[in-house]
Amino acid sequence: MKKQILLPIITLCFLLSGCLKEDMSGCDTTDHGLLIHFVYTNEKNMDEFASRIDNVDLFIFDEGGYYLSTHNYNTRKLAEFQGAADLELELGTYHMIAWGNVYGNDNLPELKEGNMIHTAKITYSKTSVGGDSLYYAPRRSSGSANNLDFDLYEVVIPEKGRTEVTLDFMTTYYALNVYVKGFKDYIGNYNQTPYIQVSHLPESYNFHLNLGDYTKAFTRKSQTVNINGSDHAYTTFLTRYIENQILYRSTSSVPRIRR
């Protein structure tokens, strides 16, 4: 008798709480007043978010630019819904910044309630050797190639109804591919490949993507790749700045400068 009663109850609960990831059917979003979609629009005006970004940190600031909260959306959450449907904000105006793919090579700021947005910075971790494939929203920008000024997303939570917005992400890094030809002339042991260092990197950049002091360097052991019958030492760095100084060295020799 208990089984006959329990199964319909379980089915009913599932129907009431079910949330379909494609169109949000069955999702209870009316109480929150805000629904956010995450996208990455490519050159063909197609959304590539799912293939590029699997972790998002969303920062909320009030109308005056004071920090309120941070919300993380990992791979599991983004598979359920490509966005944010769980924000419970009071009536008012808010500003938002989102970062995608922040992992071990970069550090997010540890903001406290009341901190101003201009104090927030992304910094490279001490153990970073190559940077993360970072993405950033909002996408709107002005300024030079290496110092961009971005407007924050402004969102108004109405007294009635629901605000629905789309955060369009952009890349914040250059993939710097470094090849060293003829490295075996400098390294006696053919089983070794040199370490390659790229320096004159910004140690941080703020939430408007303006760069900090150029004091950071990445060092990474290279791999061997054969190009047109000639062995090259090769590695890739992900960096926000491309006017760098590049050095390469073996484990025992003095660094040799290449630009």
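Scroll up to find the structure this text is about.
All residue numbers refer to positions counted from 1 along the written sequence of the respective chain. It should be noted that, the model being predicted, local features are given only for residues of pLDDT at least 70 and side-chain atom pairs only at 80 or more, the latter also being counted only at that level, while totals for whole chains, interfaces and linings use all residues. Calculation of side-chain values draws on the structure's entire complement of heavy atoms; hydrogens and water are dropped beforehand.

Caption draft 1: Broad picture of the pattern of salt bridges. In what follows, salt bridge is the name for a side-chain nitrogen of Lys or Arg lying within 4 Å of a carboxyl oxygen of Asp or Glu. Per the counting criterion, the structure on display carries 3 salt bridges. Of the charged contacts, one joins E48 and R52 as a salt bridge, the two residues approaching to 2.8 Å between their closest N and O atoms. Each residue's exposure class comes from its accessible area (1.4 Å probe, protein chains only) as a fraction of the maximum for that residue type: buried when under 20%, exposed when over 50%, partly exposed otherwise. Owing to a relative accessible area of 25%, E48 belongs among the partly exposed residues under this scheme. Across the salt bridge formed by E80 and R76, the nearest N and O atoms sit 3.3 Å from each other. A residue pair is termed a helical-turn pair when its members lie 3 or 4 positions apart in one helix, as E80 and R76 do in helix α3 (residues 75-80) at 4 residues. Put simply, DSSP H or I for four residues or longer makes a helix, DSSP E for two residues or longer makes a strand, and each gets a number counted from the N terminus.

Caption draft 2: Main features of the pairing of strand β3 (residues 67-73). Strand pairing is defined by DSSP finding a minimum of two bridges between the two strands. Pairing geometry for strand β2 (residues 56-62) and β3, over 6 bridges, is antiparallel. Counterpart to I60 in the pairing with β3 is S69. Hairpin connection from β2 to β3: 4 residues lie between these consecutive antiparallel strands, with G65 at a positive phi of about 90°.

Caption draft 3: Here's a closer look at the nonpolar core. Formed by 28 residues in total, the largest nonpolar core has its most connected members in F59, F61, W99, Y205, F207 and F237. Those elements that provide at least two residues to this core are β2, β5 (92-100), β7 (121-124), β14 (174-181), β15 (195-201) and β19 (230-239). Leave out the neighbours within four places in its chain, and F207 touches F59, F61, I97, W99, P109, I117, A120, K121, I122 and Y136. What is meant by a nonpolar core is a set of buried Ala, Val, Leu, Ile, Met, Phe, Trp, Tyr and Cys residues, joined one to another through side-chain atoms within 4.5 Å. Within the second largest apolar cluster, 25 residues are counted, among which are V56, Y73, V155 and L167. Whether two residues are in contact is decided by their heavy atoms: any pair within 4.5 Å suffices.

Interpretation note: all reported values are geometric properties and have no functional meaning in isolation.
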